[in-house]
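Residues per chain, in single letters:
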Amino acid sequence: MFFRQVSNTENKTKDKTSPFPCLRRQRNSLSYVTTLGNVAKICSILLIIIPPHRSSLAMKDYAIADVPDQDLNNKLQNIQRLIAKGKGPAALTQIDKFLKHYPDNKYAKMLKGLVSKKEEEIVQALRICDALIKQNPDDTFARLSYCQLFERNGHTGEAINECELYIKSWPDDPAGYTQLAEISRAHEDWVRYFISLTNLAGLQELNTQQTNDIKQLAPIVTLRNFSPNLIRGFTALIKDKRFTPYDFSRSAKNLLIERYNLNQENVEVDFWAMANDEILLNIVSLIRIDNKEIEELLTGLRLAILDIAVQGHSFPVELAQAIAYQCYYNDYVFHISEAEEQAINKLATLLSKACEGISWKPEDNENELLLLSMYSLLHDFEGSSLLLKHELKIWPMRLRELAKLSLFDIDSEIQTSKNIPTLSDIENDTSVSVQEHYEKNPYPRWSSLQAKGKFSVAEFLLNNCPEAKKYIPKRYYKNDINILIAGCGTGRQPIIHALNYPKVKITAIDLSRRSLAYAKLKAEQLKLNNIVFYQADILNLPDDFGPFDYIECSGVLHHMADPVAGSQALLKYLRPGSLMNIGLYSKSARIEITQTQNDIREKRLGTDAKTIRDYRHQFMQEHPESPLLKFKDFYNLSECRDLIFHQHEQCFTWERIESALQVLDLELCGLWDNGGIRNKFHERFSKAYDTSDFNKLKILEENFPNIFSSMYQFICYKRS
């Protein structure tokens, strides 16, 4: 791949001596060279003139073309409104009255076909539509009615074709996308439906049902073949506050890969064109990307920006901002070359001296601060204490949010961590080691979440583990319980529970003060008052702790020297007749991870950021097809440390879990899963089998070794 900066003749804002970075990405490597001179490439700018907004048939009215009398037109439009509101019988009554006075009116007969139950009237309306369209191809009302009538007559394929023809003729009219979305939804064509809604998002406000459907479909439907309209709609979606930007990560990856042909070799792209690509800037600044090719692209762009800046030339500020956000999201996991490290260290030293000036303020070195933000937290900068003296409100606007995230919020975490109450000392050697692991970086950092709604704990459990129904105590339905989250990390689990059950008392414990501080600040931002956070070791909890009616311990026990002992320690505080949610690593799903961990141990590598970056970089070059590159955790430094650099980790099999539950006197209720794994289970066996059958679970994993790639997640019952 070639990254090229256009010459002065092509970009008049650059002076004649500007360097032209050229980055060449070969199959598995990224090399960097700097050249001087003109690069012949013309950047074309397409000015798209958008025609006047057309109204949606389902939302507003179309003028009825062959009714010159305004009074008649108004009557037909009133009928149309009744149809749009779903009041078919009332509309039919009005149509019949109208036809008594105007028996030959084509539009009234066409409207009748839209609500009639008689096949002959639907067919007659289709013929009228066909005649009207031949007479006037721009009759949008007739064209949309044609789509609906085909659908009503059972010809879905023809209805879809007509919708697509309409969209082709009027690509900026939301009515076509609305009609196509309605047909697609009715026939559960979810990909076409999601594409229609995405196109619609760029043209008008989505209704409540459409918004909820996008929330459900975004994580599972992948968009491809992006048209300009689809890009416009996708941009609107990822910027819409009603959605979580990370819901669109799969589609965002596909868009960038297709847009820049990142799966091909020796592809040429224009550096300055990319620097001004709005969709690239929006995706990179809003969505954390987990893809090798895109990482190489962004690492190359970052390198080019730094090279331009170090040589004293203007660099693309918006692209630098977007990359700074992306690097904050991925915890600065991108590889840093020696040349970059030297340049950044020199820049940091000069900036540190500048900050010492009595009259210095952030705007004096705005560009330098932005460049540093692409490589590390501003709080890690040696002059961060001087930066913190300047209130956030006086920082330049383009740096303010970055400064909040990477400087002021980090300082708040550190100060808050000092005030987290401790239940007991952390004495176990493994616990101390794990604590140090997570103190380095709170894991994971998250910026948004979506609670499912306010309901009972019982309903939540039934949605995720239907087999638990016979075990759920009545008090779960009333939310009259205490919940313990053992190993809460940065607080996603307890905060989701607190949002879902405002009246439930939640206790969250963890080894890491920094992680707890992150969680506590997030809870305060959301004004939650039903969670308490404590630093504590599961193995050393006080006797008067608890008791609890429900315990969650996910992703924790497999980091202990003796997971069974850890489970026994927790079960002391779980009331008999209550449930416990456990999450453990699967041995078969983590074969590649285990092999990589062994390699890291053999090389006796540390867990510092530079070591992790260097190892990842080398691994991606040497193993470009490794399954490990499909793990999203690989693309975040803290998560990568947890994935392959963790010092204490055990993996399980269903045989080992079955044996452990017998020792613990726990009964397996079933899998904790709201979709994929459970569906595979029922496909392999039948719905007659529940997911508490160990033999069936073993067979399932034998057939699909990677099916538990996230974790074994299951519900257990503590017998009375």
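Here, every reference points to the structure presented above.
Everything numeric in this text was worked out from a predicted model, so none of it was measured.

Asks: For the packing of aromatic side chains, give the residues involved together with the corresponding values.
Replies: Inspection of every chain in the model, using the stated rule, returns 30 aromatic pairs. A centroid spacing of 4.7 Å and a plane angle of 45° characterise the contact between tyrosine 166 and tryptophan 170, whose relative ring orientation is tilted. For the residue pair tyrosine 166 and tryptophan 170, the accessibility class agrees, reading buried in each case. Here tyrosine 476 and tyrosine 550 contribute two aromatic rings whose centre-to-centre distance is 6.3 Å and whose plane-to-plane angle is 75°, an arrangement assigned as edge-to-face. Here the residue tyrosine 476 occupies a position in the loop between helix H21 (457-464) and strand E5 (482-486), and tyrosine 550 occupies one in strand E8 (residues 548-554), the gap between them amounting to 74 residues. Each member of the pair, tyrosine 476 as well as tyrosine 550, carries the same accessibility label: buried. Put simply, the rings of Tyr615, Phe619, Phe634, Tyr635 and Phe645 pair up and form one aromatic cluster. The ring of phenylalanine 652 is capped by arginine 656, whose NZ or CZ atom sits 4.0 Å from the centre of that ring. A cation sits over an aromatic face here: lysine 696 above phenylalanine 685, 5.7 Å from the ring centre.

Asks: Any chance you could break down the sheet that holds strand E6 (residues 505-510) for me, citing the residues and the numbers?
Replies: Spatial strand order, E7-E6-E5-E8-E9-E11-E10: seven strands in an open sheet with mixed pairing. For this open sheet the edge positions go to strand E7 (531-535) and strand E10 (666-671), each flanked by a neighbour on one side alone. On average, each strand axis in the sheet is inclined to that of its neighbour by 20°, with strand direction left out of account. Pairing analysis gives five bridges linking E10 to strand E11 (residues 712-718), with the strands arranged antiparallel. Counterpart to leucine 666 in the pairing with E11 is lysine 718.

Asks: Before we move on, could you go through the environment of leucine 423 and cite the residues and values that matter?
Replies: Mapped onto the elements, leucine 423 comes out in the loop between helix H19 (397-417) and helix H20 (429-440). As for leucine 423 and phenylalanine 533, which are separated by 110 residues in sequence, their C-alpha atoms are 10.0 Å apart. If near-sequence neighbours (up to four positions away) are discounted, leucine 423 is found in contact with Ile509, Tyr534, Gln535, Ala536, Leu541, Pro542 and Phe545.

Asks: Report on helix H13 (residues 278-286), specifying residues and quantitative values.
Replies: For H13, the tally of buried residues reaches seven of nine residues, placing the bulk of the element in the interior. Residues of H13 that are buried in the fold lie against helix H10 (228-239), helix H11 (249-259), helix H12 (271-275), helix H14 (292-310) and helix H15 (317-329).

Asks: Account for the packing of helix H4 (residues 119-135) against helix H5 (residues 140-152), with residues named and values stated.
Replies: Angle between the axes and distance between the axes: these two values describe a pair of packed helices. Two numbers describe how H4 lies on H5: the axes approach to 9 Å, and their chain directions differ by 150°. For the element pair H4 / H5, the angle class is roughly antiparallel. For the element pair H4 and H5, the recorded crossing hand is left-handed. Residues Ile122, Ala125, Leu126, Cys129, Asp130, Leu132 and Ile133 of H4 lie in contact with H5, whose contacting residues are Ala142, Arg143, Ser145, Tyr146, Leu149, Phe150 and Arg152. Of the residues contributing to the contact of H4 with H5, the split by class is ten nonpolar, one polar and three charged.

Asks: I'd like a rundown of the nonpolar core, residues and numbers included.
Replies: Grouped burial of nonpolar side chains is what soluble globular proteins tend to show. Core analysis: the largest hydrophobic core is formed by 136 residues, its most contacted members being Phe234, Phe248, Ile283, Ile305, Trp395, Phe634 and Ile644. Excluding residues within four positions of it along the chain, tryptophan 395 makes contact with Pro362, Leu369, Leu378, Leu387, His390, Arg400, Ala403, Leu407 and Phe408. Residues Ala536, Leu574, Phe694 and Tyr712 belong to the second largest nonpolar core, which totals 40 residues.

Asks: Any details on the pairing of E5? Residues and values, ideally.
Replies: Of all five residues in E5, four are buried; the element is thus mostly enclosed. Examined bridge by bridge, E5 and E6 share five bridges and lie parallel to one another. Following the sheet pairing, isoleucine 483 is matched in E6 by isoleucine 506. Running through helix H22 (residues 492-500), the crossover from E5 to the neighbouring parallel element E6 is right-handed. Here E5 pairs with E8 via three bridges, running parallel. Across the sheet, the residue bridging to leucine 484 is isoleucine 551, located in E8.

Asks: Lay out the environment of cysteine 716 in plain terms, naming residues and giving numbers.
Replies: On the secondary structure map, cysteine 716 appears in strand E11. Among the residues examined, cysteine 716 registers a relative accessible area of 0% and is labelled buried. For the pair cysteine 716 and isoleucine 551, spaced 165 residues apart in sequence, the C-alpha to C-alpha distance is 10.0 Å. Among residues more than four places away in sequence, those in contact with cysteine 716 are Ser578, Leu579, Met580, Ile582, Leu661, Leu666, Glu667 and Cys669.

Calculation rules
Residues numbered from 1 in each chain as written. Predicted model: local features only at pLDDT ≥ 70, side-chain atom pairs only at ≥ 80, totals over all residues. Heavy atoms only, no water. Phe/Tyr/Trp six-rings, centres within 6.5 Å; stacked < 30°, edge-to-face > 60°. Buried < 20%, exposed > 50% of the residue type's maximum accessible area, 1.4 Å probe, protein only. Helix = DSSP H or I, 4+ residues; strand = E, 2+ residues; numbered from the N terminus. Lys NZ or Arg CZ within 6 Å of the ring centre and 35° of its normal. Pairing = 2+ DSSP bridges. Axes fitted to C-alpha atoms, helices over the stretch in contact; angles between N-to-C directions. Contact = heavy atoms within 4.5 Å. Parallel < 35°, antiparallel > 145°, perpendicular 65-115°, else oblique. Left-handed = near helix turned anticlockwise from the far one by under 90°. Nonpolar A, V, L, I, M, F, W, Y, C, P; charged D, E, K, R; others polar. Core = buried A, V, L, I, M, F, W, Y, C linked by side-chain atoms within 4.5 Å. Right-handed = clockwise from strand over helix to strand, strands pointing away.

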